[in-house]
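Structure assessment
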Amino acid sequence: MRRFLTLADVEEILQINSSQAYALVRSGQLKAIRVGGRGVWRIESEKLEEYIQEQYEQTRLSIENPASSAEDSPAN
């Protein structure tokens, strides 16, 4: 895998839309850098893998303790 990915790459890998990928980066959940004169986003492959592992851990915790995760999630 290449060292740096585009937002489009992240969208494809995670099977999410562009707004979702952008929101992950802007919120800081997915670490990224801006490069070039136009400030395009690039995500290091390693950072994407770290994000995925964090999501696995959060999912595991929510399964083990569903009452706690219900308190942490926003109301619909």
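Everything below is about the structure printed above this text.
Predicted model, so just to flag it, every value in this text is computed and none were measured. (Residues numbered from 1 in each chain as written. Predicted model: local features only at pLDDT ≥ 70, side-chain atom pairs only at ≥ 80, totals over all residues. Heavy atoms only, no water.)

1. Re the pairing of strand β3 (residues 40-44)
- Taking every second residue as pointing to the same face, the buried face of β3 carries Trp-41 and Ile-43, while none of Val-40, Arg-42 and Glu-44 on the other face is buried.
- Across 2 bridges, strand β1 (residues 4-5) lies against β3 in antiparallel orientation. The partner of Phe-4 across the bridge, within β3, is Glu-44.
- Inspection of the sheet shows strand β2 (residues 33-35) paired to β3 by 3 bridges, in the antiparallel sense. Of the residues in β3, the one forming a bridge with Arg-34 is Trp-41. (Buried < 20%, exposed > 50% of the residue type's maximum accessible area, 1.4 Å probe, protein only. Helix = DSSP H or I, 4+ residues; strand = E, 2+ residues; numbered from the N terminus. Pairing = 2+ DSSP bridges.)

2. Notes on the sheet that holds β2
- Reading across the sheet, the 3 strands line up as β1-β3-β2 and stay open at both edges, with antiparallel pairing between neighbours. The sheet is open, and its two borders are formed by β1 and β2, each paired with just one other strand.
- Its contacts with the sheet put helix α3 (residues 45-64) on β1 and β3, and the angle it makes with β3 is roughly 70°. (Contact = heavy atoms within 4.5 Å. Axes fitted to C-alpha atoms, helices over the stretch in contact; angles between N-to-C directions.)

3. Some details on the nonpolar core
- Counting 12 residues, the largest nonpolar core consists of Leu-5, Leu-7, Val-10, Ala-21, Leu-24, Val-25, Leu-30, Trp-41, Ile-43, Leu-48, Tyr-51 and Ile-52.
- Broken down by secondary-structure element, the contributors of at least two residues to this core are α1 (7-14), α2 (18-27), β3 and α3. (Core = buried A, V, L, I, M, F, W, Y, C linked by side-chain atoms within 4.5 Å.)

4. Remarks on α1
- When we look at burial in α1, the residues that qualify are Leu-7, Asp-9 and Val-10. What you see down the axis of α1 is that its buried residues fit within an arc of 155°, all on one side.
- Those residues of α1 that are buried lie in contact with β1, α2, β3 and α3.
- Downstream of α1 by one or two residues, Gln-15 has phi in the positive range, about 55°. (Arc of directions from axis to C-beta.)

5. So, the pattern of salt bridges
- One pass over the full model with this rule turns up 5 salt bridges.
- Linking Arg-3 and Glu-44 is a salt bridge whose minimum nitrogen-to-oxygen distance equals 3.1 Å. Of this pair, Arg-3 sits in the segment before β1 while Glu-44 sits in strand β3, and the two are 41 residues apart along the sequence.
- With relative accessibility at 55%, the residue Arg-3 sits in the exposed group.
- As a salt-bridge pair, Arg-60 and Glu-57 come within 2.5 Å of each other at their nearest N and O atoms. On the criterion of helical spacing, the pair formed by Arg-60 and Glu-57 is a turn pair, its members being 3 residues apart in helix α3.
- You can call Arg-60 partly exposed: its relative accessible area is 36%.
- Among the ionic contacts, a cluster of salt bridges with common partners joins Glu-57, Arg-60 and Glu-64. (Salt bridge = Lys/Arg side-chain N within 4 Å of Asp/Glu carboxyl O.)

Without other data, these values stay purely geometric and don't point to any function.
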